[in-house]
Amino acid sequence: MVSKLRARFGKGGSFFVPLVVFGAIITLISLLGILYVKSEAIKGGDKTIGEKQAKLFTVYQLGEKHLFFVDESVKKASEDALLEASRTGLEKEGSGCGKLGDDLLWAKQAMDSNCNPEAIPCYHYPSDDGAKLHFSDTFKGYYGSYIDSYNGHVDKALFNEIRKDYDSLKIESNGNGISLIGKAKERITISSYGWEQKPPLRPLFEYKITPSFNEPIEGNFVQDSANLVNVAKELFGKSKDEVTKLVKAADGQSGLDWDFAYDSKPSSPCTHSVGSCSCCETVTTCEEKDEGGNCIKEGTSEVLVGDGVLKESVPYDSIAVPMSVKVNDPASGTGHTQFFVYDKATKKVAMKELEYRFALSWVEAHPDKATTFCSCGKGHSC
């Protein structure tokens, strides 16, 4: 009986394995069919699963690259603008009294109708608003050149160019210093690429980015400008010795290192005339005296004449005081703030120091020296 059962089940088992294999094949074929149908529905008929997601990620990366370039361009352009604005006295050239050498004059004297020194109409110091405007205008030029270089290499079929103009550019306090804030005119759309190859071409999606920025400016030129103007007003019109003492006292204050130099090139204020009159007269001077105070060697000198007070004739440029104010680096506490700058002449990158440069010009008077010269100069009656 047992042997008969074994024979019966043994024969049945020989048909079971092929049946299972056949069923598995049918099931796999069915699954593959379902996957194919789903794939066609998702991809639109010509792409594999995940390709659209990969393109979305690619476009997102392009957008981030776009914004990264904007941020880096703002940072570099603000450094360039700060260096240039500081070198031109925090003002646009020509807005004040002209220049003395390479330095912009903040204040200057001339001769009035009686040959007396007076502040001329262009007497001027930079204001906070003026310094901000000069910085912003200078920034736009540098920023625009960086953006132009970027726009020249991007794929125009993929996204719109970066706009160089902004709804507003503002310089505001950020608690620790100042920041440059730019509000974009419009968002940039990354969508113009035809993902579908069959007409009509249409984008798979739209991705928009806003290239606004809020970039800290490393040097607080607004605060520095106020400190510079306060000291400059104290210096103007003083004697050379007084200027030396005042500059020494200001050195190191408010994080500013002061330095100045007198240009030795001869250019007498006697070259200035009022109408047909000259403000200068040649007088006899004594170059050497004996022990009794008697003159043993005479000489001649040009003097400024006017109200009965003798003004010493000194080289004009010697009384103009070009100020170079170097800013301490707050990070190290020593040295001066520096930036990496590309020099087009040498085609190399080098460190450039931040300096605020300006000049003051006036005539030095000596009330202790009297004269009987005419108020209108040589050749005119007293």
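Just so you know, these numbers come straight off a predicted model, no measurement behind them. (Residues numbered from 1 in each chain as written. Predicted model: local features only at pLDDT ≥ 70, side-chain atom pairs only at ≥ 80, totals over all residues. Heavy atoms only, no water.)

Points about the pattern of salt bridges
Applied cut-off: Salt bridges are defined by distance alone: a side-chain nitrogen of Lys or Arg within 4 Å of a carboxyl oxygen of Asp or Glu. Secondary structure elements follow DSSP: runs of H or I of four or more residues count as helices, runs of E of two or more count as strands, with numbering from the N terminus.
For the structure on display, the rule yields 11 salt bridges. Across the pair Asp165 and Arg163 runs a salt bridge whose closest N-O atoms are separated by 2.9 Å. A salt bridge links Lys185 to Asp167; its shortest N-O distance comes to 3.5 Å. One end of the pair, Lys185, is in the loop between strand 5 (178-184) and strand 6 (188-190); the other, Asp167, is in strand 4 (residues 166-173), with 18 residues separating them in the sequence.

Here's the deal with helix 4 (residues 221-235)
Applied cut-off: A helix is expected to span 1.5 Å multiplied by its residue count minus one. Note on exposure labels: buried denotes an accessible area under 20% of the residue type's maximum, exposed denotes more than 50%, and partly exposed covers the range between, all computed with a 1.4 Å probe on protein chains only.
Given a rise of 1.5 Å per residue, 15 residues ought to cover 21 Å, and the 20 Å separating the end C-alpha atoms of helix 4 matches this to within 8%. If you check which residues of helix 4 are buried, you get Phe221, Val222, Asp224, Ser225, Leu228, Val229, Val231, Ala232 and Leu235. Phi turns positive, to about 85°, at Gly237, one or two residues after helix 4.

Some thoughts on the packing of helix 3 (residues 128-151) against helix 4
Quick note on the threshold: Every angle, taken between N-to-C directions, lies between 0 and 180 degrees, and every axis is a line fitted to C-alpha atoms, over only the stretch in contact when it is a helix. Orientation labels follow simple angle bins: below 35 degrees gives roughly parallel, above 145 gives roughly antiparallel, 65 to 115 gives roughly perpendicular, and whatever is left gives oblique. By convention the crossing between two helices is left-handed if the near helix lies anticlockwise of the far one by an angle smaller than a right angle, and right-handed if it lies clockwise. We call two residues in contact whenever any of their non-hydrogen atoms come within 4.5 Å of each other. The residue classification treats Ala, Val, Leu, Ile, Met, Phe, Trp, Tyr, Cys and Pro as nonpolar and Asp, Glu, Lys and Arg as charged. All others, Gly included, are polar.
One can describe the packing of helix 3 onto helix 4 by two numbers: an axis separation of 10 Å at closest approach and a directional angle of 135°. As the angle between them shows, helix 3 and helix 4 are arranged oblique. Crossing handedness for the pair helix 3 and helix 4: right-handed. Across the interface between the two elements, Asp128, Ala131, Lys132 and Phe135 of helix 3 pack against Phe221, Val222 and Ser225 of helix 4. Tallied by class, the residues present in the contact of helix 3 with helix 4 amount to 4 nonpolar, 1 polar and 2 charged.

A closer look at the environment of Arg357
Position of Arg357 relative to the elements: it lies in strand 18 (residues 355-361). A relative accessible area of 19% places Arg357 in the buried class. Distance from Arg357 to Asp259, taken between C-alpha atoms, is 9.8 Å for residues 98 residues apart in sequence. For Arg357, the residues in contact, after removing those within four places along its chain, are Ser86, Arg87, Thr88, Gly89, Asp103, Met323 and Ser324.

A look at the state of the cysteines
Linking two cysteines covalently through their sulfur atoms gives a disulfide. Selection criterion: Our working definition of a disulfide is a cysteine sulfur pair at a distance within 2.5 Å.
Considering all chains together, one arrives at 1 disulfide under this definition. A sulfur-sulfur separation of 2.4 Å characterises the disulfide bridge that pairs Cys286 with Cys295. Across the S-S bond linking Cys286 and Cys295, the dihedral sits near 110°, which makes this disulfide right-handed.

Focus on a nonpolar patch on the surface
The condition that has to hold: Here a patch means residues that are over 30% exposed by relative accessible area and free of salt bridges, tied together within 9 Å if like-charged and within 5 Å if nonpolar (Val, Leu, Ile, Met, Phe, Trp, Tyr). Where accessible areas are quoted, they stem from the Shrake-Rupley method and a 1.4 Å probe; at the residue level, only the protein chains shown are allowed to cover.
A cluster of nonpolar side chains, Phe340, Tyr342, Val349 and Met351, forms an exposed patch at the surface whose accessible area comes to about 440 Å². Those elements giving two or more residues to the nonpolar patch turn out to be strand 16 (338-343) and strand 17 (348-353). You can see Tyr342 is positioned in strand 16.

Examining the confidence of the model for the protein chain
To keep it simple, the criterion reads: Per residue, pLDDT measures the predictor's confidence, with a range of 0 to 100.
A residue-level look at the protein chain finds 63% of positions with pLDDT of 70 or above and a mean pLDDT of 75. Taken element by element, the protein chain is modelled with least confidence in strand 19 (residues 365-370), mean pLDDT 48, and with most confidence in strand 5, mean pLDDT 94. This stretch, residues 4-9, has a pLDDT under 50; its non-local contacts, to residues over four places away or in other chains, come to 0 contacts. A low-confidence stretch, residues 367-382 stays under pLDDT 50, and its non-local contacts, those more than four residues away or across chains, total 32 contacts.

A closer look at the sheet that holds strand 5
The following threshold applies: Two strands make a pair as long as DSSP finds a minimum of two bridges between them.
Spatially, 3 strands are ordered 4-5-8 in an open sheet, and the strand pairing comes out antiparallel. Taken across any chain shown, the strands that pair with only one partner, and hence form the sheet edges, are strand 4 and strand 8 (213-217). In this sheet, adjacent strand axes meet at a mean angle of 20° when their direction is disregarded. In this structure, strand 4 lies alongside strand 5, joined through 7 bridges in antiparallel fashion. Residue pairing across strands places Lys170 opposite Ile181, the latter belonging to strand 5.

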